[in-house]
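Below, each chain spelled out in residue letters.
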Amino acid sequence: MYPEPARHTPAEWAVTAYQPAPIPPAAVHPAPVVPAQPGTVPAVASIVLPDGRIVTGYAINHPQPAPIVAKPAVSRTAVNVALGGVGFLAVCGGLLLLTSFIAALTAFITQLITLAAVIFGGWIAVQLFTGTGHRDGGTTVHIRKAVFKRNHFHG
């Protein structure tokens, strides 16, 4: 299917050297000028050598170092700690106010209960210690239109 390879001796090997032939100046045409945006590099660059030859190739973009990020004057951790402290103080102040409000409300309710007990207790005492109606069979003494029945004054 394939031809057998031919065996050649080292003397039979042919050495061929190719020499580049310069382009004649009459055949060289300058590359057309293509307007490019300022600051941009075209993808393919053409260079005219001093002897008039034109070399065309790809432009190499050199790696740019990463920009140095400026550090803020105060670190983010310090800012977060400070904001957390302010928030904690606000919560503590709110809890202190809430505690004071609860204590004041408790004292107010205690005073209301005490006032109600005094008034209601006084009313009960008046009801217990004052007699209503007349009891028959007692001694009645009229002094200046006042009535005493069993050591009780009825006026």
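Residues numbered from 1 in each chain as written. Predicted model: local features only at pLDDT ≥ 70, side-chain atom pairs only at ≥ 80, totals over all residues. Heavy atoms only, no water.

## Here's the deal with the overall build of the chain
Right, on to step 1. Within the chain one finds one helix and five strands.
Right, on to step 2. For the chain, contacts bridging at least 24 residues in sequence account for 9% of all contacts bridging at least 6.
Right, on to step 3. Here the chain has roughly 15,000 Å² of accessible surface; of this, 69% comes from carbon and sulfur atoms. (Helix = DSSP H or I, 4+ residues; strand = E, 2+ residues; numbered from the N terminus. Contact = heavy atoms within 4.5 Å. Areas by Shrake-Rupley, 256 points an atom, 1.4 Å probe, with all protein chains shown as cover.)

## Overview of a nonpolar patch on the surface
Right, on to step 1. Together, Val91, Leu95, Leu98, Phe101, Ile102, Leu105, Phe108, Ile109, Leu112 and Ile113 give the surface a local cluster of nonpolar side chains, amounting to about 960 Å² of exposed area.
Right, on to step 2. Mapped onto the elements, Ile113 comes out in helix α1 (residues 76-129). (Patch = residues over 30% accessible without salt bridge, like charges linked within 9 Å, V, L, I, M, F, W, Y side chains within 5 Å. Salt bridge = Lys/Arg side-chain N within 4 Å of Asp/Glu carboxyl O.)

## A few points about the packing of aromatic side chains
The relation between two aromatic rings is expressed through the spacing of the ring centres and the mutual angle of the planes.
Right, on to step 1. Throughout the structure, instances matching the rule amount to one aromatic pair.
Right, on to step 2. When the ring of Phe120 is compared with that of Trp123, the centres are 6.0 Å apart and the planes differ by 25°; the resulting orientation is stacked. Pair noted here: Phe120 and Trp123 are both in helix α1, with a separation of three residues, about one helical turn. (Phe/Tyr/Trp six-rings, centres within 6.5 Å; stacked < 30°, edge-to-face > 60°.)

## A closer look at the environment of Ala45
Right, on to step 1. With respect to the helices, strands and loops of the structure, Ala45 is situated in strand β1 (residues 44-48).
Right, on to step 2. By relative accessible area, which is 28% here, Ala45 ends up partly exposed. (Buried < 20%, exposed > 50% of the residue type's maximum accessible area, 1.4 Å probe, protein only.)

## Overview of the pattern of salt bridges
Right, on to step 1. Tallying each qualifying case throughout the model produces one salt bridge.
Right, on to step 2. For Arg53, the salt bridge identified is with Asp51, shortest N-O distance 2.7 Å.

## Describing the environment of Arg53
Right, on to step 1. Tracing the sequence through the fold places Arg53 in the loop between β1 and β2 (54-58).
Right, on to step 2. C-alpha of Arg53 to C-alpha of Pro24: the two residues are 29 residues apart in sequence and 8.7 Å apart in space.
Right, on to step 3. Setting aside anything within four residues of it in sequence, one finds Arg53 in contact with Ile47 and Val48.
Right, on to step 4. A polar contact is formed between the side chain of Arg53 and the side chain of Asp51, at a distance of 2.7 Å. (Polar contact = N/O pair within 3.5 Å; in protein donor to acceptor, adjacent residues only side chain to side chain.)

## Here's the deal with the confidence of the model for the chain
Right, on to step 1. Considering every residue of the chain, the mean pLDDT works out to 76; 58% of them sit at 70 or more.
Right, on to step 2. By mean pLDDT, strand β3 (residues 140-143) is the weakest element of the chain at 59, and α1 is the strongest at 90. (pLDDT = per-residue confidence, 0-100.)

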